[in-house]
Amino acid sequence: RLSTVGQFLAGVLHDIKSPMTIISGNVELMAEEEDIEKRRMIKERIQRQVQRLASMTRETLAFARGDRTLWVRKVYLHRFFDELAESFREDLGSKNIKLELELEDKGVAYFDEHKMQRVVHNLVRNAAEAIGPSGGRCIIRALRDESGALVVEVEDDGPGIPESIRDRMFESFASHGKATGIGLGLAVVKSLVEDHGGFVRVESEPGRTVFRVSIPQRVDAEREVGGRTG
């Protein structure tokens, strides 16, 4: 139990790097920006990342207590993905990675918004690390499958995933060819998606890797789900 909590905590600490980087960059922008409206927009970006950090803290404490509760609520997909893309663009742009957003579904869906933010952030960061210093392209898609489940895809045009790691890539501490990271991002993705009753799959070949997350939608979707474990 302590080992599991420790691994989960390590995953959260790994994920904290992204919002901290965004906050740091935007604080510097705010210090140099004189336009009131632009300063307000920067402030809102910072507040969203602070809220994300607060959510991670709550999630960590809940996990340590054995509480894996999901706060499933109605989420407007257009707003959700627009805000996510905005938080990625500056960092990806500095790495010469072009981000594209393809929303086949712009309506509403039901999931734990903060935990799904972590899922997408981890997948995009994983894509950026796979693409490497030469740059490339990352695509985020949102669509529905035949059953009505929400499908989120993150695609990159990196070198692909070696066969040697594919069978264990969702395990903690499984990492390959990355200058940074300790192999926890995808393990966290799998855990959070399965908490939603969904699954994550991957297709990979040289020049194209797609992580596909499926989140089932229920009629009584707006609810609290889960309980204590262990």
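Residues numbered from 1 in each chain as written. Predicted model: local features only at pLDDT ≥ 70, side-chain atom pairs only at ≥ 80, totals over all residues. Heavy atoms only, no water.

Visitor: What is the right way to read unusual backbone geometry from this model?
Guide: Excluding glycine, a negative phi dihedral is what most residues carry, and trans is how most peptide bonds are arranged. Even without a glycine there, the phi angle at Asn96 is positive, about 60°. Take Asn96: it is sitting in the loop between helix 3 (77-94) and strand 2 (97-103). Given the relative accessible area of 53%, Asn96 is considered exposed. (Helix = DSSP H or I, 4+ residues; strand = E, 2+ residues; numbered from the N terminus. Buried < 20%, exposed > 50% of the residue type's maximum accessible area, 1.4 Å probe, protein only.)

Visitor: Looking at this model, I keep getting lost on helix 4 (residues 113-131). Mind explaining?
Guide: Along an α-helix, residues three or four positions apart point the same way, because every turn accommodates 3.6 residues. The end-to-end C-alpha separation of helix 4 is 27 Å, in line with the 27 Å expected for 19 residues at 1.5 Å each. Summarising burial for helix 4: 16 of the 19 residues are buried, a large majority. The N-terminus of helix 4 is capped by Asp112, whose side-chain oxygen sits 3.3 Å from the backbone nitrogen of His114. (Expected span 1.5 Å × (residues − 1). Polar contact = N/O pair within 3.5 Å; in protein donor to acceptor, adjacent residues only side chain to side chain.)

Visitor: Sorry, what's going on with the pairing of strand 6 (residues 199-205) here?
Guide: Two strands pair when backbone bridges link them, and strand 6 and strand 7 (residues 208-215) are joined in this way by 7 bridges, in the antiparallel orientation. What sits directly across from Glu205, in strand 7, is Arg208. Counting the residues that bridge the hairpin from strand 6 to strand 7 gives 2 residues, and of these Gly207 lies at a positive phi of roughly 90°. (Pairing = 2+ DSSP bridges.)

Visitor: Sorry, what's going on with the packing of helix 4 against helix 6 (residues 185-195) here?
Guide: To describe two helices that pack against each other, one gives the angle between their axes and the distance between the axes. Running from N to C, helix 4 and helix 6 cross one another at 150°; their axes reach a closest spacing of 9 Å. With respect to helix 6, the element helix 4 is oriented roughly antiparallel. For the pair helix 4 and helix 6, the sense of crossing is left-handed. In contact with Lys115, Arg118, Val119, Asn122, Leu123 and Asn126 of helix 4, helix 6 contributes Gly185, Leu186, Val188, Val189, Leu192 and Val193. Each residue belonging to the contact of helix 4 with helix 6 can be placed in one class, and the counts come to 7 nonpolar, 3 polar and 2 charged. (Axes fitted to C-alpha atoms, helices over the stretch in contact; angles between N-to-C directions. Parallel < 35°, antiparallel > 145°, perpendicular 65-115°, else oblique. Left-handed = near helix turned anticlockwise from the far one by under 90°. Contact = heavy atoms within 4.5 Å. Nonpolar A, V, L, I, M, F, W, Y, C, P; charged D, E, K, R; others polar.)

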